[in-house]
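Structural characterization, general
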Amino acid sequence: MDMSVDIGGLRLKNPVLVSSGTFGFGREYSKFYDLNSLGGIAVKGITLKPRKGNKPPRIAETAAGILNSVGLENPGLYGFMEKELPFLKRYKVPIIANISGNTVEEYSIMAQELYNSVDAIELNVSCPNVREGGIAFGTKPELIYQVTNAVKKRIGIPLIVKLSPNVTDISEMALVAEGAGADCISLINTMIGMKIDIENKRPYFDNVVAGLSGPAVKPVALRMVWQAAEKVNIPIIGMGGISTWRDAIEFIMAGAAAISIGTANFYNPYAPIEVLDGIRNYMEYSGLNRIEEIKINRGVKNYE
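To start, this report covers the structure provided alongside it. (Residues numbered from 1 in each chain as written. Predicted model: local features only at pLDDT ≥ 70, side-chain atom pairs only at ≥ 80, totals over all residues. Heavy atoms only, no water.)

Next up on the list: the layout of surface pockets. Reported here for the largest pocket is a volume of approximately 670 Å³. As for the largest pocket, its lining consists of 41 residues, and the residues nearest its centre are S20, G21, T22, N68 and T190. For the lining of the largest pocket, the secondary structure elements donating two or more residues are strand 6 (65–68), strand 14 (209–213), strand 16 (258–261) and helix 8 (264–267). No other element matches the three residues that helix 8 contributes to the lining of the largest pocket. Taken together, the residues of the lining of the largest pocket break down into 17 nonpolar, 21 polar and three charged. (1 Å grid on protein atoms, 1.4 Å probe; cavity = no way out; pocket = protein on both sides within 12 Å on 5 of 7 lines; lining within 4 Å. Points joined across faces, edges and corners; volume = space filled by probe spheres on them. Helix = DSSP H or I, 4+ residues; strand = E, 2+ residues; numbered from the N terminus. Nonpolar A, V, L, I, M, F, W, Y, C, P; charged D, E, K, R; others polar.)

The following block contains the structure:
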């Protein structure tokens, strides 16, 4: 049985990744299982300079997921390279650096500094829980094109563009990213939501809006992966509410080349391993030899 997949030139030994923002830099989860078991690790989002993030509260539970307004707290580009990257390098697992910037030049500088040290770059053009930067890029086709094209010219490793669900037509954004040189797209990032503090009669988060993730967003994420796969020829990493192997199979059937586990890591740190085992068992039971054989006939067109 061949569990390996290709995501834009990066070969993974299996299709299960962990999502940026939910896995930190791997240290905490390395206490639960061998990180070498994973197909790849997308590290916590990095900015050029260190960020303290938003004021607390930063997290709120919802009926089927969480709202987060962390605000990209991170040690900055050089803090990551000096303090976190050496730890990850101990493992034989592809490292995907997720980067965010306020300008095209910031994205380009970070990508150029990182590309000799990591296996792929993931552009976060769609972060809804910061006051500036990413959200503007992710909702405007021309800005997606500019930043993707600029970064692609600076690096010699696979470029992944993480798209926002907070748009009218995800297919348009996917096509723009592909046309600008993206080797792969990942979707979806969190959806925009909010919470009200009814005792104090004010928005719960200082930033007012926050990013919604978890099982609540899965049907939307699945639909968007299907729609994007209808249009683009580059691989898709599917994410958004995946917590079980059955969820993962749905995303692969919808057209994802690989899947990524996000919020589920918080309440079940073994979720990626359980999902991987489930995919393997499903393939064995179904008599499948390769991940690509899971995908279904895309004859259904009237899904809008």
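Further remarks concern a nonpolar patch on the surface. Side chains of M194, I196, I198 and V208 sit close together on the surface and give an oily, nonpolar patch of about 370 Å² of accessible area. One can find V208 in the loop between strand 13 (202–203) and strand 14. Given a relative accessible area of 35%, V208 falls into the partly exposed group. (Patch = residues over 30% accessible without salt bridge, like charges linked within 9 Å, V, L, I, M, F, W, Y side chains within 5 Å. Areas by Shrake-Rupley, 256 points an atom, 1.4 Å probe, with all protein chains shown as cover. Salt bridge = Lys/Arg side-chain N within 4 Å of Asp/Glu carboxyl O. Buried < 20%, exposed > 50% of the residue type's maximum accessible area, 1.4 Å probe, protein only.)

Once that is clear, we can look at the environment of I237. Among the secondary structure elements, I237 is positioned in strand 15 (residues 236–239). The exposure class of I237 is buried, given its relative accessible area of 3%. Along the backbone, I237 and Y282 are 45 residues apart, and their C-alpha atoms lie at a distance of 20 Å. Not counting chain neighbours up to four residues away, the residues in contact with I237 comprise I7, L17, I160, C184, I185, S186, L187, A258, I259 and S260. (Contact = heavy atoms within 4.5 Å.)

This paragraph deals with the packing of helix 7 (residues 245–254) against helix 9 (residues 271–286). The geometry of helix 7 relative to helix 9 is characterised by a closest axis approach of 8 Å and an angle of 65 degrees between their N-to-C directions. Of the two elements, helix 7 crosses helix 9, and the hand of that crossing is right-handed. Contact residues: W245, A248, I249, I252 and M253 in helix 7; E274, V275, G278, I279 and Y282 in helix 9. Residue composition of the contact of helix 7 with helix 9, grouped by class: eight nonpolar, one polar and one charged. (Axes fitted to C-alpha atoms, helices over the stretch in contact; angles between N-to-C directions. Left-handed = near helix turned anticlockwise from the far one by under 90°.)

Ranked by size, the top nonpolar core spans 95 residues in total, and within it I121, L123, I185, L187, I259 and I279 carry the most contacts. No other element matches helix 6 (residues 218–231), which puts seven residues into this core. Residues contacting I121, with those up to four places away along its chain left out, are I96, A97, I99, A111, L114, I155, I157, P158, L159 and I160. (Core = buried A, V, L, I, M, F, W, Y, C linked by side-chain atoms within 4.5 Å.)

As a further point, take the sheet that holds strand 6. Strand pairing in a sheet is mediated by backbone hydrogen bonds. Such pairs are either parallel or antiparallel. Taken together, the four strands give an open sheet; going across it, the order is 5-6-14-11, and neighbouring strands pair in antiparallel fashion. Each end of this open sheet is capped by a strand with a single partner; those strands are strand 5 (59–62) and strand 11 (191–194). Adjacent strand axes in the sheet meet at a mean angle of 40 degrees when their direction is disregarded. With three bridges connecting them, strand 6 and strand 14 associate as antiparallel partners. Its bridge partner lying in strand 14, L67 is registered against L212. (Pairing = 2+ DSSP bridges.)

With that settled, the discussion passes to the pattern of salt bridges. Evaluation of the coordinates by the stated rule reveals eight salt bridges. K218 is paired through a salt bridge with D247; the nearest N and O atoms lie 2.8 Å apart. On the criterion of sequence distance, the pair formed by K218 in helix 6 and D247 in helix 7 is long-range, its members being 29 residues apart. In this structure K218 comes out as buried when scored by relative accessible area, which is 14%. Across the pair R280 and D277 runs a salt bridge whose closest N-O atoms are separated by 3.1 Å. Taken as a pair, R280 and D277 lie in helix 9 at a separation of three residues, close to a single helical turn. Relative accessible area serves as the criterion here: at 32%, R280 is assigned to the partly exposed category. A single network of salt bridges, built from pairs that share partners, joins K218, D247 and E250.

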